[in-house]
Amino acid sequence: MGSEGPPAITIHVTGFKKFHGVSENPTEIIVRNLKEYMTKKGLPKGVILGSCCILETAGQGALVPLYQTLQSSISSKESESLSPGRVIWVHFGVNSGATRFAIEHQAVNEATFRCPDEMGWKPQTSLPVEDITKALAKQGYAVMTSDDAGRFVCNYVYYHSLRFASQSGTKSLFVHVPLFMTIDKETQMGFVASLLEVIASLQ
């Protein structure tokens, strides 16, 4: 039994529907096609691709399904008796002005801005963002780290996901992608597949 290695990591992903000014949201297409793409490509060793969920691009509209899907990952985590930290959420959002991928360090609670709240909690990911970014850059992807997930629904979803992760023992990451006219669909699908592999290798 000792040679079996660590238990599998379950990675759940979310994207967003189209919104004003973005008639085709690449994250919706990426997330909708990810299971089929990963089935053809082959999942990284020790990775289970969990739910692939598309959220509304609206604060409250995104929040209810987000919490439903976050909660369902915990329920299934308990039933499969996975160890804490073996469930990871990766959220994808589009930055229509971006020319490269951005791995987000943190979210911002608008009420507290960039300082920790009164309980000392600052919404930052526990995943090694710098290492993830370096590994993806080494594979030839145009990728950077970011400390600003914006002030729109992306930040809102990331903030709530990080808070949920801190309370449930799961992990959360947000990644901004450019439009397909900036980086084409095939490259973006390859990037997401590589991202899952890198995340798994660093656990």
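Keep in mind that what you see is a predicted model, and the values were worked out from it rather than measured. (Residues numbered from 1 in each chain as written. Predicted model: local features only at pLDDT ≥ 70, side-chain atom pairs only at ≥ 80, totals over all residues. Heavy atoms only, no water.)

Caption draft 1: Layout of the nonpolar core. One finds Ile103, Leu173 and Leu195 to be the most contacted residues of the largest nonpolar core, which totals 56 residues. When residues of this core are assigned to their parent elements, the largest contribution, nine residues, is made by helix α5 (residues 185-201). What Leu195 contacts, discounting residues up to four positions off in sequence, is Val90, Phe92, Ile103, Ile132, Leu136, Leu173 and Val175. (Core = buried A, V, L, I, M, F, W, Y, C linked by side-chain atoms within 4.5 Å. Buried < 20%, exposed > 50% of the residue type's maximum accessible area, 1.4 Å probe, protein only. Helix = DSSP H or I, 4+ residues; strand = E, 2+ residues; numbered from the N terminus. Contact = heavy atoms within 4.5 Å.)

Caption draft 2: Spatial organisation of the sheet that holds strand β4 (residues 101-104). Taken together, six strands build an open sheet; the order of strands is β2-β1-β3-β6-β4-β5 and the sheet is mixed. Looking along the sheet, the strands with just one partner apiece sit at the ends: β2 (47-55) and β5 (143-146). Adjacent strand axes in the sheet meet at a mean angle of 25 degrees when their direction is disregarded. Pairing of strand β1 (residues 9-16) with β2, which is carried by seven bridges, proceeds in the parallel orientation. Pairing of Val13 across the sheet is with Cys52, part of β2. The sheet contacts of helix α3 (residues 129-138) involve β4, β5 and β6 (171-177), and relative to β5 the element is tilted by about 165 degrees. (Pairing = 2+ DSSP bridges. Axes fitted to C-alpha atoms, helices over the stretch in contact; angles between N-to-C directions.)

Caption draft 3: Representation of α3 in the model. Inspection of α3 places Val129, Ile132, Thr133 and Leu136 among the buried residues, and these make up the whole buried set. Along α3, the residues classed as buried sweep out an arc of 95 degrees about the axis, all on the same side. Opposite the buried face of α3, by more than 90 degrees, sit the exposed residues Lys134 and Lys138. Considering only its buried residues, α3 is in contact with β4, β5, β6 and α5. Positioned one or two residues after α3, Gly140 has a phi angle of 100 degrees, which is positive. (Arc of directions from axis to C-beta.)

Caption draft 4: Inspection of the pattern of salt bridges at higher detail. This structure, assessed with the given rule, holds three salt bridges. Between Lys17 and Glu56 there is a salt bridge, and its shortest N-O distance comes to 2.8 Å. Note that Lys17 is positioned in the loop between β1 and α1 (26-41) and Glu56 in the loop between β2 and α2 (59-79), a separation of 39 residues in sequence. With a closest N to O distance of 2.9 Å, Arg32 and Glu28 form a salt bridge. (Salt bridge = Lys/Arg side-chain N within 4 Å of Asp/Glu carboxyl O.)

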